[in-house]
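Now for the letters of each chain:
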Amino acid sequence: MANVLITGAARGIGQELVRQYAANGDRVYACCRNPGGADVLNGMAAESGGLISVHDMDVGSEDSINACASEIGGVALDIVINNAGVVGGMHQAMGDMIVDDWIDAFRVNTIGPFLVAQAFHSNLKAADNGKIMTVTSQLGATTWPMGGMHSYSSSKGAVNRVMIGVAMDWADDGISVALVHPGYVQTDMGGPAAEITPEESASGIRSVIDGMSMDNSGSFYKWNGEIHAW
Ligand SMILES: NC(=O)c1ccc[n+]([C@@H]2O[C@H](COP(=O)([O-])OP(=O)(O)OC[C@H]3O[C@@H](n4cnc5c(N)ncnc54)[C@H](OP(=O)(O)O)[C@@H]3O)[C@@H](O)[C@H]2O)c1
């Protein structure tokens, strides 16, 4: 049984990751920014026999992340998944940018994952082979062949670089660090016409996490296990 912490757990890929890890018998710390409104997640927790607990965490707030870490305490975490993310608003093209939304995208997509890593470092270190996976996007790769979506793509590209650095920071701590593009997924963010289901995406991400080790720390994967170009 693994202890797994997941951010952005109330819907989409995060909620499906919670469902799959708990179905596997793992203990899941499901974090979301509005636990009172997370009806499906709360229902899953109530029926989980204690495998799922729901915790308040807004990854856009350092205070909220640290309060969640205090609540969870010293438990060893085998896996932390930085899943929470935002698109960054609908106005992010040249000539149409809303700068505050861009800053919010960086707060949630880039700085939040760093602060989560920092807050749960000791929990990951306490595990035998701690792993931290950050759900990024193919739009954050320099090889992405399209313009536009500047807020989202730059915030995901930045988190890619942050996590390469965290992998180096933690090279002697026995904690492996990786990034994954989850696919184009049928969630509120991806929309119904996206290519794969949350079930397929979460299942693929879990397999990628299974394969994480200190030998491949700092890698960028696709949900299907292939290496993603930076
Ligand atoms: N779907 C795709 O095709 C796709 C493609 C590439 C990458 N991704 C990435 O995959 C991850 C999951 O996306 P998804 O498709 O599942 O999107 P989603 O259905 O829109 O869900 C996003 C989740 O992030 C949470 N979140 C947003 N801001 C937060 C904050 N400040 N603090 C805590 N939680 C916050 C949301 O919580 P609330 O319910 O409270 O809003 C929600 O649970 C994201 O990082 C996204 O960028 C998705």
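A brief structural summary. Only a predicted model underlies this, so the values are computations on that prediction, with no experimental measurement involved. (Residues numbered from 1 in each chain as written. Predicted model: local features only at pLDDT ≥ 70, side-chain atom pairs only at ≥ 80, totals over all residues.)

## Regarding the site of the ligand
And step 1. In the neighbourhood of the ligand, 29 residues make up the surrounding shell, with Gly8, Gly12, Gly85, Thr187 and Gly190 lying closest.
And step 2. A per-element tally of the shell around the ligand places helix H1 (residues 12-23) first, with 3 residues. (Near = placed C-beta within 6 Å. Helix = DSSP H or I, 4+ residues; strand = E, 2+ residues; numbered from the N terminus.)

## Structural notes on the packing of helix H3 (residues 62-72) against helix H4 (residues 99-119)
And step 1. Where H3 meets H4, the axes come as close as 10 Å, and the angle between the chain directions of the two elements is 30°. Here H3 lies roughly parallel to H4, going by the angle between them. Crossing of H3 against H4: the hand is right-handed. Contact with H3, carried on its side by Glu62, Ile65, Asn66 and Ala69, involves Leu115, Val116 and Ala119 of H4 and no other residues of that element. (Axes fitted to C-alpha atoms, helices over the stretch in contact; angles between N-to-C directions. Parallel < 35°, antiparallel > 145°, perpendicular 65-115°, else oblique. Left-handed = near helix turned anticlockwise from the far one by under 90°. Contact = placed C-beta atoms within 7 Å.)

## Observations concerning unusual backbone geometry
And step 1. Of note, Met149 is a non-glycine position whose phi angle comes to about 50°, a positive value.
And step 2. Tracing the backbone shows Met149 in the loop between strand S5 (131-135) and helix H6 (150-169).
And step 3. Residue class for Met149 comes out partly exposed when judged on the 17 C-beta atoms lying within 10 Å of it. (Buried ≥ 20, exposed ≤ 12 C-beta atoms within 10 Å, placed from the backbone.)

## Structural notes on the sheet that holds strand S6 (residues 176-181)
To summarise the sheet geometry, strands pair through backbone hydrogen bonds and adopt either a parallel or an antiparallel arrangement.
And step 1. The strand order across the open sheet formed by 7 strands is S3-S2-S1-S4-S5-S6-S7, and the pairing between neighbours is parallel. Two strands close off the open sheet at either side, each with one partner strand: strand S3 (52-56) and strand S7 (219-222). Averaged over all pairs of adjacent strands, the angle between strand axes in this sheet comes to 20°, irrespective of strand direction.
And step 2. When strand S2 (residues 27-32) meets S3, the two strands line up parallel, connected through 5 bridges. Bridged to Tyr29 within S3 is Ser53.
And step 3. Across the sheet, H6 lies against S5, S6 and S7, angled at about 160° from S6, the strand it touches most. (Pairing = 2+ DSSP bridges.)

## Some words on H3
And step 1. By the burial criterion, the buried members of H3 are Ile65, Cys68 and Ala69. Taken end-on, H3 shows its buried residues confined to a sector of 100°, consistent with a single buried face. Exposed residues pointing more than 90 degrees away from the buried face of H3 are listed as Asp63 and Ser70.
And step 2. In this fold, the buried residues of H3 make contact with S2, S3 and H4.
And step 3. Positioned one or two residues after H3, Gly73 has a phi angle of 75°, which is positive. (Arc of directions from axis to C-beta.)

## Some remarks on the nonpolar core
And step 1. Counting residues in hydrophobic clusters, the biggest one holds 61 residues, and the most contacted among them are Ile6, Val18, Ala30 and Leu41.
And step 2. With near-sequence residues (within four places) excluded, Val18 lies in contact with Ile6, Ala9, Val28, Ala30, Leu41, Met44 and Ile52. (Core = buried A, V, L, I, M, F, W, Y, C linked by C-beta atoms within 7 Å.)

## Observations regarding H1
Think of an α-helix as turning once every 3.6 residues; residues three or four places apart then point the same way.
And step 1. Compared with the 16 Å implied by 1.5 Å per residue over 12 residues, the 17 Å span of H1 between its first and last C-alpha is a close match.
And step 2. Taken across its 12 residues, H1 has 10 buried, putting it largely inside the fold.
And step 3. Three or more residues of H1 are buried, namely Gly12, Ile13, Gly14, Gln15, Glu16, Leu17, Val18, Arg19, Tyr21 and Ala22.
And step 4. Gly25 lies just past H1 and shows a positive phi near 90°. (Expected span 1.5 Å × (residues − 1).)

All quantities given are derived from atomic positions and should not be read as evidence of function.
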